[in-house]
Each structure stands twice: as structure tokens, then as C-alpha cells.
Amino acid sequence: MSARKKRGPVDPKQIELGIIWRTLNRPFRLCAGDVIRYNERLCRVIHVSECAAVVMMNRPVRDFKTRFDKPVRFHPPPVLFRISPQSQVPVLNRKVT
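These remarks concern the structure in this document. (Residues numbered from 1 in each chain as written. Predicted model: local features only at pLDDT ≥ 70, side-chain atom pairs only at ≥ 80, totals over all residues. Heavy atoms only, no water.)

Looking at the overall build of the protein
Turning to step 1, where the next piece is worked out: Helix and strand content of the protein: zero helices and six strands.
Turning to step 2, where the next piece is worked out: The helix and strand sequence of the protein, counted from the amino end, reads β-β-β-β-β-β.
Turning to step 3, where the next piece is worked out: Taken across its 97 residues, the protein has 19% of its residues classed as buried.
Turning to step 4, where the next piece is worked out: Long-range pairs, those at least 24 residues apart, make up 42% of the contacts in the protein between residues at least 6 apart in sequence.
Turning to step 5, where the next piece is worked out: Accessible surface for the protein amounts to roughly 8,700 Å². Of this, 56% is attributable to carbon and sulfur atoms. (Helix = DSSP H or I, 4+ residues; strand = E, 2+ residues; numbered from the N terminus. Buried < 20%, exposed > 50% of the residue type's maximum accessible area, 1.4 Å probe, protein only. Contact = heavy atoms within 4.5 Å. Areas by Shrake-Rupley, 256 points an atom, 1.4 Å probe, with all protein chains shown as cover.)

Structural data, given as C-alpha cells:
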């Protein structure tokens, strides 16, 4: 029977639990939950994989009047699009340590 290898270094304080301690090996990669500025608009990163980051951007509220001069506000659904996880966009909510 072969022994399973653990990936990455192990935290010496948590050996009894078998928890793996992982270092941040890609500090410039987007993470889920990041708020970024893209095309002068605020966007939230929803999901990040090896090849793409899914980003949600809210559309502006549309105000118009109907034929009978009644004001209407229309909230369109947000747009989802994909960008590279290594994109050079400013992350606005990540804390620098």
C-alpha cells in the first residue's frame, strides 16, 4: 500500500489535524470576491479558475417615460463576462499585508 503525499508544506502547529498549510504562490492572481475597476466601472469577481475569471458588472438604471408620460425605472440584470485571472486590473478591496 502506498502512502499518500501531501501537497505543500505542513503547518507544524496543526499536525494532529492533518491540515495542509499552503502559501500564496500567485499573489497577482484575481480571487473570488475581489472588487475590481474595469472600463471605469466597479465589478465583482465571482469565480476564478486556471484559465478564466468570471466577473459580474451591474448595468446602469434606465429612466424613461412611456407614451402616456409616466416615468419608468428599469433595472437590467448584471452582465457576466470572463477575463484572464492574471489580468492587470486594479483590485480595490484586497488588503496588503
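So, the sheet that holds strand β6 (residues 79-83)
Turning to step 1, where the next piece is worked out: Reading across from one edge, β1-β2-β3-β6 is the order of the four strands in this open sheet, with antiparallel pairing throughout. Every other strand in the sheet has two partners, leaving β1 (35-38) and β6 as the edge strands with one partner each. Each strand of the sheet is rotated relative to its neighbour by a mean of 40°, with strand direction disregarded.
Turning to step 2, where the next piece is worked out: Relative to β6, strand β3 (residues 53-57) runs antiparallel, the two sharing five bridges. Paired with methionine 56 across the strands is leucine 80, a residue of β6. (Pairing = 2+ DSSP bridges. Axes fitted to C-alpha atoms, helices over the stretch in contact; angles between N-to-C directions.)

What to know about the side chain of aspartate 34
Turning to step 1, where the next piece is worked out: By secondary structure assignment, the location of aspartate 34 is in the segment before β1.
Turning to step 2, where the next piece is worked out: In terms of polar contacts, aspartate 34 uses its side chain to reach the backbone amide nitrogen of cysteine 31, at 2.9 Å.
Turning to step 3, where the next piece is worked out: Beyond its immediate sequence surroundings of up to four residues, aspartate 34 is in contact with Cys43, Arg44, Val45, Val91, Asn93 and Arg94. (Polar contact = N/O pair within 3.5 Å; in protein donor to acceptor, adjacent residues only side chain to side chain.)

Examining the side chain of arginine 29
Turning to step 1, where the next piece is worked out: Here arginine 29 is to be found in the segment before β1.
Turning to step 2, where the next piece is worked out: Relative accessible area serves as the criterion here: at 13%, arginine 29 is assigned to the buried category.
Turning to step 3, where the next piece is worked out: Side-chain polar atoms of arginine 29 contact the backbone oxygen of serine 49, separated by 2.4 Å.
Turning to step 4, where the next piece is worked out: At 3.5 Å, the side chain of arginine 29 and the side chain of glutamate 50 are in polar contact.
Turning to step 5, where the next piece is worked out: Ignoring anything within four residues of it in the chain, the contact list for arginine 29 reads Val48, Ser49, Glu50, Pro85, Gln86 and Arg94.

What about unusual backbone geometry?
Among all residues except glycine, the phi angle is most often negative; among peptide bonds, the trans geometry is most common.
Turning to step 1, where the next piece is worked out: With a phi close to 60°, glutamate 40 is a non-glycine residue in the positive phi region.
Turning to step 2, where the next piece is worked out: Note that glutamate 40 resides in the loop between β1 and β2 (41-48).
Turning to step 3, where the next piece is worked out: A positive phi is found at aspartate 69, a non-glycine position, where the angle reads about 60°.
Turning to step 4, where the next piece is worked out: If you trace the backbone, aspartate 69 turns up in the loop between β4 (62-65) and β5 (71-74).
Turning to step 5, where the next piece is worked out: Judged by relative accessible area, aspartate 69 falls into the exposed class, the value being 60%.

Nothing here speaks to function; it is geometry throughout.
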